[in-house]
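One-letter residues, chain by chain:
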Amino acid sequence: MSEVLVLHGPNLHYLGKRETNLYGSLTLDEINQRILDKAKSLRLDAYIDQSNSEAELMTLIYEAKARDVNFIIFNPAAYTHTSIALRDALIAVEIPFIEVHLSNIYARESFRHHSYFSDIALGSIAGLGPNSYLLALEAAATYLKDRINEKNSN
Ligand code: DQA
């Protein structure tokens, strides 16, 4: 089974209480349960982590590499708009990833319109609330199945 890391960045531990007009009323635990249910239905082996620290997020990315994780779904939260270090880590580990956001960052303040991840991600999904993660899982499952089929036909 392919292994997928779903990684949440800073302040996302506070979902359900934080700016619910933008991020909705579900808590992170509730969103994580939906992620795990979806992953199971797609036959993906998903594990989930969250950190408020840039350094810790980097450690989690390098740990994913060490355990041969096949795919990352990443909501870098505010680090989307600031972190060259996390960008460099994702380039270094060469694990394919999708960038996700709950809110539509392009419909918000102009400083949120730039992402350090969009151009190195397989794709980005923003603005669909918790469904952004679930759609990213579907895309990851298709991507990983295609890679396995390619390998088998060679
Ligand atoms: C976010 C959007 C970011 O701009 C913001 O800093 C977040 C959450 C989102 O999921 O919509 O913390 O990544």
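Further up the page is the structure itself.
About the criteria used
Residues numbered from 1 in each chain as written. Predicted model: local features only at pLDDT ≥ 70, side-chain atom pairs only at ≥ 80, totals over all residues. Heavy atoms only, no water. Helix = DSSP H or I, 4+ residues; strand = E, 2+ residues; numbered from the N terminus. Rg over C-alpha atoms; globule rule 2.2 N^0.38 Å. Buried < 20%, exposed > 50% of the residue type's maximum accessible area, 1.4 Å probe, protein only. Contact = heavy atoms within 4.5 Å. Areas by Shrake-Rupley, 256 points an atom, 1.4 Å probe, with all protein chains shown as cover. Lys, Arg positive; Asp, Glu negative; His and termini not counted. Charge placed at Lys NZ, Arg CZ, Asp CG, Glu CD. Salt bridge = Lys/Arg side-chain N within 4 Å of Asp/Glu carboxyl O. Pairing = 2+ DSSP bridges. Axes fitted to C-alpha atoms, helices over the stretch in contact; angles between N-to-C directions. Near = heavy atom within 4 Å. Polar contact = N/O pair within 3.5 Å; in protein donor to acceptor, adjacent residues only side chain to side chain. Nonpolar A, V, L, I, M, F, W, Y, C, P; charged D, E, K, R; others polar. Parallel < 35°, antiparallel > 145°, perpendicular 65-115°, else oblique. Left-handed = near helix turned anticlockwise from the far one by under 90°. Core = buried A, V, L, I, M, F, W, Y, C linked by side-chain atoms within 4.5 Å.

Student: Provide a residue-level description of the overall build of the protein, including the pertinent values.
Tutor: In terms of regular secondary structure, the protein is built from 5 helices and 5 strands. Starting at the N terminus and walking to the C terminus, you meet the elements of the protein as β-α-α-β-α-β-α-β-β-α. Taken against the 2.2 N^0.38 rule, which gives 15 Å for 154 residues, the C-alpha radius of gyration of the protein at 15 Å falls within 12% of a compact globule. With respect to the three principal axes, the spread of C-alpha positions in the protein is 50 × 30 × 25 Å. With 154 residues in all, the protein has 44% of them scored as buried. For the protein, contacts bridging at least 24 residues in sequence account for 77% of all contacts bridging at least 6. Carbon and sulfur atoms provide 48% of the accessible area of the protein, an area that totals close to 7,900 Å². With 14 positive and 19 negative side-chain charges, the protein shows a spacing of 5 Å between the two charge centroids.

Student: Please provide a residue-by-residue account of the pattern of salt bridges, values included.
Tutor: Between side chains of opposite charge, a pair can form as their charged atoms come close. Within this structure, the stated rule accounts for 7 salt bridges. Its salt-bridge partner being Glu109, residue Arg108 comes within 3.8 Å of it at the nearest N-O pair.

Student: Explain the sheet that holds strand E3 (residues 71-75) to me, and be specific about the residues and the numbers.
Tutor: Ordered in space as E2-E1-E3-E4-E5, the 5 strands form an open sheet in which the pairing is parallel. On the outer flanks of this sheet lie strand E2 (45-50) and strand E5 (123-126), each paired with one strand and no other. Here the strands of the sheet are splayed against their neighbours by 20° on average, with no regard to which way each runs. For strand E1 (residues 3-8) and E3, the ladder comprises 5 bridges, and the chain directions are parallel. When the bridges of E3 are listed, Leu7 appears paired with Phe74. Against the sheet, helix H3 (residues 54-66) makes contact with E1, E2 and E3, and its axis sits at roughly 175° relative to E1, the strand it touches most. Packed on one face of the sheet, helix H5 (residues 131-153) meets E1, E3, strand E4 (97-101) and E5 and runs near 160° to E3.

Student: Could you give an account of the site of the ligand, with specific residues and numbers?
Tutor: In the vicinity of the ligand, the contacting residues are Arg18, Tyr23, Asn75, Ala77, Ala78, His81, His101, Leu102, Ser103, Ile105, Arg108 and Arg112. A distance of 2.6 Å separates an oxygen atom of the ligand from a polar side-chain atom of Ser103. Across the complex, the protein chains shield 99% of the 320 Å² of accessible surface that the ligand would expose by itself. Tallied by class, residues from the shell around the ligand come to 5 nonpolar, 4 polar and 3 charged.

Student: So what's going on with the packing of helix H2 (residues 28-41) against H5? Residues and values would help.
Tutor: One can describe the packing of H2 onto H5 by two numbers: an axis separation of 10 Å at closest approach and a directional angle of 20°. In terms of orientation, H2 lies roughly parallel with respect to H5. The element H2 and its partner H5 pack so that their crossing is right-handed. Each of Ile31, Arg34, Ile35, Lys38 and Ala39 in H2 lies in contact with H5, whose residues at this interface are Tyr133, Leu134, Leu137 and Glu138. Taken together, the residues of the contact of H2 with H5 sort by class into 6 nonpolar, no polar and 3 charged.

Student: So what's going on with the nonpolar core? Residues and values would help.
Tutor: By size, the foremost hydrophobic cluster in this structure holds 26 residues, and its most contacted members are Val4, Ile73 and Tyr133. Among the secondary structure elements, those contributing two or more residues to this core are E1, H2, E3, E4 and H5. Looking at which element gives the most residues to this core, the answer is H5, with 7 residues. Those residues in contact with Ile73 that sit more than four places away from it in its chain are Val4, Leu5, Val6, Leu7, Ile98, Val100, Tyr133, Ala136, Leu137 and Ala140.

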